[in-house]
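Here is what each chain is made of, one letter per residue.
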Amino acid sequence: MMRYLEYDFLKEKGLANFDNWVTVFGEQKTDWELAPAGNKFKERTRIANYSGLPELMSMFKQVADIRTADTVNLDVPDCQYKVVNVEATPFQKELVDELSDRADDIQGGNVDPSVDNMLKITGDGRKLGLDPRLIDPSFEDNPNTKLNKCVENVIRIHKDTEDDRLTQIIFCDLGVPHKNTSADKSEDNSDLEEKSSAERESLEEECDFCVYEQTLSNGYTLTHTYFNSGFSSSASPLSRNL
């Protein structure tokens, strides 16, 4: 942001180059972290802490007006957080091993980046964590995946609060509904070569399996509204699909 908003100032101070900037304001640390494939650890060097914060903030405030929660006085409701841990299924573990093999091939230079790359592996890993069918709709429908556990939780809450006719909102940025007409497909294919690498990679997020359809297969219907890369799903009340 400083390079974008006050590049001339940074250049005047000899900090326009990131290496110079991080030498002054950052403390680097090498530590072990999980590899993209999710099955082993590798050493990575990251910025662990920032130094010279008063000077850094003084420089940044030349172009930024900073407001914190205690200054804007927003009316924020109280929330109760509950994290549900779901164990990986045996099939998911097999697929993780395949991701590891793909990562080894890429790092060994045995695969053309246009065929497979670490970004695709990371994307497949995210899909795999939610439900393997996001990678291939023909994969098994295991009741112990995160998606199915979420559906069970939604149905349980609906049944427990049915008399109060409450609303549930579900946020999800993977496997959401998208346009799927023949005309759209034809247009997408014709324009594919003209798209940038980032745009082509974004198409990997789309697949034939939709998490919304999973609620239908469990006998429930949801109303849904799209926004940005995800969708909200409300049940008011969640109704049986008769």
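All of these numbers come straight from a predicted model, not from anything done at the bench.

Reading the values: rules and limits
- Residues numbered from 1 in each chain as written.
- Predicted model: local features only at pLDDT ≥ 70, side-chain atom pairs only at ≥ 80, totals over all residues.
- Heavy atoms only, no water.
- Helix = DSSP H or I, 4+ residues; strand = E, 2+ residues; numbered from the N terminus.
- Buried < 20%, exposed > 50% of the residue type's maximum accessible area, 1.4 Å probe, protein only.
- Contact = heavy atoms within 4.5 Å.
- Areas by Shrake-Rupley, 256 points an atom, 1.4 Å probe, with all protein chains shown as cover.
- Salt bridge = Lys/Arg side-chain N within 4 Å of Asp/Glu carboxyl O.
- 1 Å grid on protein atoms, 1.4 Å probe; cavity = no way out; pocket = protein on both sides within 12 Å on 5 of 7 lines; lining within 4 Å.
- Points joined across faces, edges and corners; volume = space filled by probe spheres on them.
- Nonpolar A, V, L, I, M, F, W, Y, C, P; charged D, E, K, R; others polar.
- Phe/Tyr/Trp six-rings, centres within 6.5 Å; stacked < 30°, edge-to-face > 60°.
- Patch = residues over 30% accessible without salt bridge, like charges linked within 9 Å, V, L, I, M, F, W, Y side chains within 5 Å.
- Lys, Arg positive; Asp, Glu negative; His and termini not counted.
- Charge placed at Lys NZ, Arg CZ, Asp CG, Glu CD.
- Arc of directions from axis to C-beta.
- Polar contact = N/O pair within 3.5 Å; in protein donor to acceptor, adjacent residues only side chain to side chain.
- Axes fitted to C-alpha atoms, helices over the stretch in contact; angles between N-to-C directions.
- Parallel < 35°, antiparallel > 145°, perpendicular 65-115°, else oblique.

Peer 1: Could you clarify how one ought to interpret the overall build of the protein chain in this entry?
Peer 2: Helix and strand content of the protein chain: eleven helices and five strands. Relative to its full complement of 242 residues, the protein chain shows a buried share of 28%. Sequence-distant contacts, at least 24 apart, represent 55% of the contacts inside the protein chain between residues at least 6 apart. Counting every atom, the protein chain has about 17100 Å² of accessible surface; 49% of that belongs to carbon and sulfur.

Peer 1: What is the right way to look at the pattern of salt bridges in this model?
Peer 2: Where side chains of opposite charge bring their charged atoms close, a pairing between them can arise. One pass over the structure, following the stated rule, counts eight salt bridges. The shortest N-O distance in the salt bridge between arginine 133 and aspartate 141 comes to 3.1 Å. Since its relative accessible area comes to 6%, arginine 133 is described here as buried. Two residues, lysine 149 and glutamate 152, come together in a salt bridge whose shortest N-O distance is 3.9 Å. Linking lysine 149 with glutamate 152, this pair stays in helix α8 (residues 146–160), spanning three residues, or about one helical turn. You can call lysine 149 partly exposed: its relative accessible area is 31%. Looking at glutamate 152, the relative accessible area reads 42%, which means it is partly exposed.

Peer 1: Would you mind showing me how to read the layout of surface pockets here?
Peer 2: Take a probe with the size of a water molecule and roll it over the atoms, and the empty space left behind shows itself. Approximately 420 Å³ is the volume attributed to the second largest pocket. Residue lining of the second largest pocket: Gln80, Tyr81, Lys82, Val83, Val84, Asn153 and Ile157, and that is the complete set. Residues belonging to the lining of the second largest pocket are distributed by class as follows: four nonpolar, two polar and one charged.

Peer 1: Looking at this model, I keep getting lost on unusual backbone geometry. Mind explaining?
Peer 2: Apart from glycine, the bulk of residues carry a negative phi angle, and the bulk of peptide bonds sit in the trans form. Of note, asparagine 73 is a non-glycine position whose phi angle comes to about 55 degrees, a positive value. Looking at the secondary structure, you find asparagine 73 in the loop between α5 (69–72) and α6 (90–107). A positive phi angle is found at arginine 165, which is not glycine, with a value near 50 degrees. Its place among the elements puts arginine 165 in the loop between α8 and β3 (168–172). Of the residues examined, arginine 165 reaches a relative accessible area of 54% and is grouped as exposed.

Peer 1: Can you walk me through the packing of aromatic side chains in this structure?
Peer 2: What characterises a pair of aromatic rings is the spacing of the ring centres plus the angle enclosed by the ring planes. The full count for this structure, using the stated rule, is four aromatic pairs. A ring pair is formed by phenylalanine 18 and tryptophan 21, whose centres lie 6.1 Å apart and whose planes are at 20 degrees; its orientation type is stacked. Of this pair, phenylalanine 18 and tryptophan 21 both sit in helix α3 (residues 18–25), separated by three residues, roughly a single helical turn. For tryptophan 21, a relative accessible area of 14% gives the class buried.

Peer 1: Would you take a moment to explain a negative patch on the surface for this structure?
Peer 2: Taken together, the side chains of Glu94, Asp97, Glu98, Asp101, Asp105 and Glu140 present a region of like negative charge at the surface. Topologically, glutamate 98 is positioned in helix α6.

Peer 1: Mind showing me how you'd approach α3 here?
Peer 2: Because each turn of an α-helix spans 3.6 residues, side chains separated by three or four positions in sequence point in the same direction. Those residues of α3 lying buried are Trp21, Val22 and Phe25. Around the axis of α3, the buried residues are gathered within 95 degrees of arc, so they sit on the same side. When the buried face of α3 is taken as reference, the exposed residues oriented beyond 90 degrees from it are Asp19 and Thr23. Packed against the buried residues of α3 are α1 (2–5), α2 (7–12), β1 (26–34), β2 (41–50) and α4 (53–60). Where α3 starts, the residue carrying a side-chain oxygen 2.8 Å from the main-chain nitrogen of aspartate 19 turns out to be asparagine 17.

Peer 1: Any chance you could explain the packing of α6 against helix α7 (residues 118–130) here in plain terms?
Peer 2: How two helices pack is summed up by the angle between their axes together with the distance between the axes. Here α6 crosses α7 at 175 degrees, and the two axes come no closer than 10 Å. If you check the angle between α6 and α7, you find them roughly antiparallel. In contact with Gln92, Leu95, Val96, Leu99, Arg102, Ala103, Ile106 and Gln107 of α6, α7 contributes Met118, Lys120, Ile121, Asp124, Gly125, Leu128 and Gly129. The class makeup of the residues in the contact of α6 with α7 is eight nonpolar, four polar and three charged.

Peer 1: What should I look at first to understand the environment of aspartate 65 in this one?
Peer 2: Its location among the elements puts aspartate 65 in the loop between α4 and α5. Engagement of the side chain of aspartate 65 in a polar contact is seen with the side chain of arginine 67, the distance being 3.0 Å.

Peer 1: Hey, could you run me through the environment of aspartate 112 in this one?
Peer 2: Counting through the fold element by element, aspartate 112 comes out in the loop between α6 and α7. Within the local environment of aspartate 112, its side chain forms a polar contact with the side chain of serine 114, the two groups lying 2.5 Å apart.

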